[in-house]
Amino acid sequence: MECQYASAHREETVSAALKRKYREEHEKSSGYEEFFSTLQSCPEKDAMTVFSLMRQGADPGALLKRMRDCDLLLQLSVVPETRRRYQFPYLASMPIRLQTPDNPYLNSLLYETTFRGIAHQDDRRNGRGNFQPPQPEGRWLVQHQNIYLQPYHAAEVIDHLVDHVQPSKWTAVASDDHLMRTLLKAYILHEYPTFPVFHKDIFFQAMIDGDRRYCSPMLVNALLAEACHSFIGIPNRDQFWVPQSLRYRFLAEAKRLWEQESNKVDLVTVQAATLLNLIYSHNGMDKVGMPYLTQALKIAQQIDLFGDNANEKNGRMVHARVFTAWALFNWQCIQSYYYYRAPLIPDPPATPLPCPDEHPFWYGDFKLRYPLSSELVPAQYGHYFKAVSGLRSIVHDMAAASYNQDGTQTDRLPMAA
């Protein structure tokens, strides 16, 4: 049968009506394709809800629009989970005694997404409201509000140095550089901010240049072993004892190299020993890892790592030494305080950390990109590391005043009444 399309208005020609009808049918077909594609990939619970609405006679186009409006597409996309749907430990809401009119936190974007977000998202999915979080004030916050609206683990690390490293030149365990670069980015995202052992920019540049003053196969293998623990894409990554696992193989290679190189007296051996101690501590094997920390501190004293670096003329080496000294100091503070021991390092490093505002590139910042956003958010790592180092200096003084080396409590602190 020949298609007959009526004109929508008097001036519309037959050809124009044909084109209009084709466009409308194409858009309708595309909408159905998008709808069914979304339905196939969404979670079972959401799919059943949509299916029930369809049986009740809901229009597919309206359902698709509703899914968009309710942020359902964010769940269904291939990007990581972007909603805050995790109950706060012990309490599902802010304590009543803190919900006072003069508490500025109650009006913040972070409060909305942490405590109120779950209830409001449920309301939106059930059609009981159209919650819009408060708009943040300030130009920086408006540009970077993703860090408050989405969980940290959904972000992707953007670091151009990591994109150029070839870890396969430093390890015989694996040859897939793309996979190992992914592991390194996971390490930077999750582990490096809290417990670094080296300056990442100096280390990664040394990997690219083949500079063994700041990098070694032993350190790279230990790093990749810890990175396997940071990457959520590895199944059963907590099972470090499985010989077939990538983490076990990287760690075994690092230990093999340690047997050959542990007597070296240089900066990179201090870093490798510290990282090995950190790996064992994270696995609940602190007694097995303690000799590595002892050796790291022994070598650090031999190279005067905690001194003022007055005799070191190389600027990059001074930079690497000062950062490593503070990283090792911070780590042993945690080890000492939480294991009820006096600090293994008597005093903080002689060279103070620079101001992050005056020296923004000294700490080696990195950027984050959140799903469905092209905006790059600086991690502000310099400010974080400076603040944490100050806090751990206080922890260091508390441990020194509270404990002896054998773990017994001192009598230097007054007892509470």
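Presented here is a report on the structure given in the accompanying data block. (Residues numbered from 1 in each chain as written. Predicted model: local features only at pLDDT ≥ 70, side-chain atom pairs only at ≥ 80, totals over all residues. Heavy atoms only, no water.)

Structural notes on the overall build of the chain
Stage number 1. In terms of regular secondary structure, the chain is built from 15 helices and three strands.
Stage number 2. Within the chain, the fraction of its 417 residues that count as buried is 44%.
Stage number 3. Restricting the contact set of the chain to residue pairs at least 6 apart, pairs at least 24 apart contribute 65%.
Stage number 4. Just so you have it, the chain exposes about 23,600 Å², and 54% of that area is on carbon and sulfur atoms. (Helix = DSSP H or I, 4+ residues; strand = E, 2+ residues; numbered from the N terminus. Buried < 20%, exposed > 50% of the residue type's maximum accessible area, 1.4 Å probe, protein only. Contact = heavy atoms within 4.5 Å. Areas by Shrake-Rupley, 256 points an atom, 1.4 Å probe, with all protein chains shown as cover.)

Some points on the pattern of salt bridges
If charged atoms from side chains of opposite charge come close, those side chains can pair.
Stage number 1. Considering all chains together, one arrives at seven salt bridges under this definition.
Stage number 2. The salt bridge partner of R256 is E253, with a shortest N-O separation of 2.7 Å. Residue R256 and its partner E253 are located together in helix α11 (residues 246–261), separated by three residues, close to a single helical turn.
Stage number 3. Judged by its relative accessible area of 16%, E253 is buried.
Stage number 4. Linked by salt bridges that have partners in common, D159, K200 and D201 make up one network. (Salt bridge = Lys/Arg side-chain N within 4 Å of Asp/Glu carboxyl O.)

Brief notes about the environment of A272
Stage number 1. Following the sequence through the fold, A272 ends up in helix α12 (residues 267–282).
Stage number 2. Under the relative-accessibility criterion, A272 is labelled buried at 0%.
Stage number 3. Sequence separation between A272 and W258 is 14 residues, and the spatial gap between their C-alpha atoms is 8.5 Å.
Stage number 4. Not counting residues within four places of it along the chain, the set of residues in contact with A272 comprises M218 and L219.

Section: the sheet that holds strand β2 (residues 367–369)
Stage number 1. Strand order across the open sheet formed by three strands is β1-β2-β3, with antiparallel pairing between neighbours. Both edges of this open sheet fall to β1 (156–158) and β3 (376–378), since each of them pairs with a single strand only. Averaged over all pairs of adjacent strands, the angle between strand axes in this sheet comes to 40°, irrespective of strand direction.
Stage number 2. Note: β1 against β2, three bridges, orientation antiparallel. (Pairing = 2+ DSSP bridges. Axes fitted to C-alpha atoms, helices over the stretch in contact; angles between N-to-C directions.)

Quick notes on the packing of helix α10 (residues 217–230) against α12
Stage number 1. Interhelical geometry of α10 versus α12 gives an angle of 25° and a closest axis separation of 9 Å. Our classification of the angle between α10 and α12 gives roughly parallel. Note that α10 runs across α12; the crossing there is left-handed. Judged by residue contacts, M218, L219, A222, L223, A225 and E226 of α10 engage V268, T269, Q271, A272, L275, L276, L278, I279 and H282 from α12.
Stage number 2. Its residues assigned to classes, the contact of α10 with α12 comprises 11 nonpolar, three polar and one charged. (Parallel < 35°, antiparallel > 145°, perpendicular 65-115°, else oblique. Left-handed = near helix turned anticlockwise from the far one by under 90°. Nonpolar A, V, L, I, M, F, W, Y, C, P; charged D, E, K, R; others polar.)

Topic: the packing of α11 against α12
Stage number 1. At their nearest, the axes of α11 and α12 sit 12 Å apart, and the two run at 135° to each other. Here α11 lies oblique to α12, going by the angle between them. α11 and α12 meet at a crossing whose hand is left-handed. Two secondary-structure elements touch here, α11 through R247, L251, A254, K255, W258 and E261 and α12 through T269, A273, L276, I279 and Y280.
Stage number 2. Tallied by class, residues from the contact of α11 with α12 come to seven nonpolar, one polar and three charged.

A word on helix α14 (residues 315–338)
Stage number 1. In this model, α14 (24 residues) spans 35 Å end to end at C-alpha, consistent with the 34 Å of a helix rising 1.5 Å per residue.
Stage number 2. With 19 of 24 residues buried, α14 lies mostly within the body of the structure.
Stage number 3. Sitting at the amino-terminal end of α14 is N314, which places a side-chain oxygen 2.9 Å from the backbone nitrogen of R316.
Stage number 4. Where α14 ends, the next residue or the one after it, Y340, has phi of about 55°, a positive value. (Expected span 1.5 Å × (residues − 1). Polar contact = N/O pair within 3.5 Å; in protein donor to acceptor, adjacent residues only side chain to side chain.)

Quick look at the packing of aromatic side chains
Stage number 1. Per the stated rule, a full pass over the model turns up 21 aromatic pairs.
Stage number 2. When the ring of W326 is compared with that of F329, the centres are 5.6 Å apart and the planes differ by 80°; the resulting orientation is edge-to-face. Of this pair, W326 and F329 both sit in helix α14, three residues apart, which is roughly one turn of the helix.
Stage number 3. Accessibility expressed as a relative area gives 8% for W326, which makes it buried.
Stage number 4. In this structure F329 comes out as buried when scored by relative accessible area, which is 0%. (Phe/Tyr/Trp six-rings, centres within 6.5 Å; stacked < 30°, edge-to-face > 60°.)

Section: α11
Stage number 1. In a regular helix each residue adds 1.5 Å, so 16 residues correspond to 22 Å; α11 covers 22 Å between its end C-alpha atoms and thus fits that length.
Stage number 2. Against the buried residues of α11 lie α8 (177–190), α10, α12 and α13 (286–302).

Points about a nonpolar patch on the surface
Stage number 1. Judged by side-chain polarity, L391, I394 and M398 come together as a nonpolar surface patch covering roughly 290 Å² of accessible area.
Stage number 2. M398 gets classed as partly exposed once you look at its relative accessible area, which sits at 38%. (Patch = residues over 30% accessible without salt bridge, like charges linked within 9 Å, V, L, I, M, F, W, Y side chains within 5 Å.)

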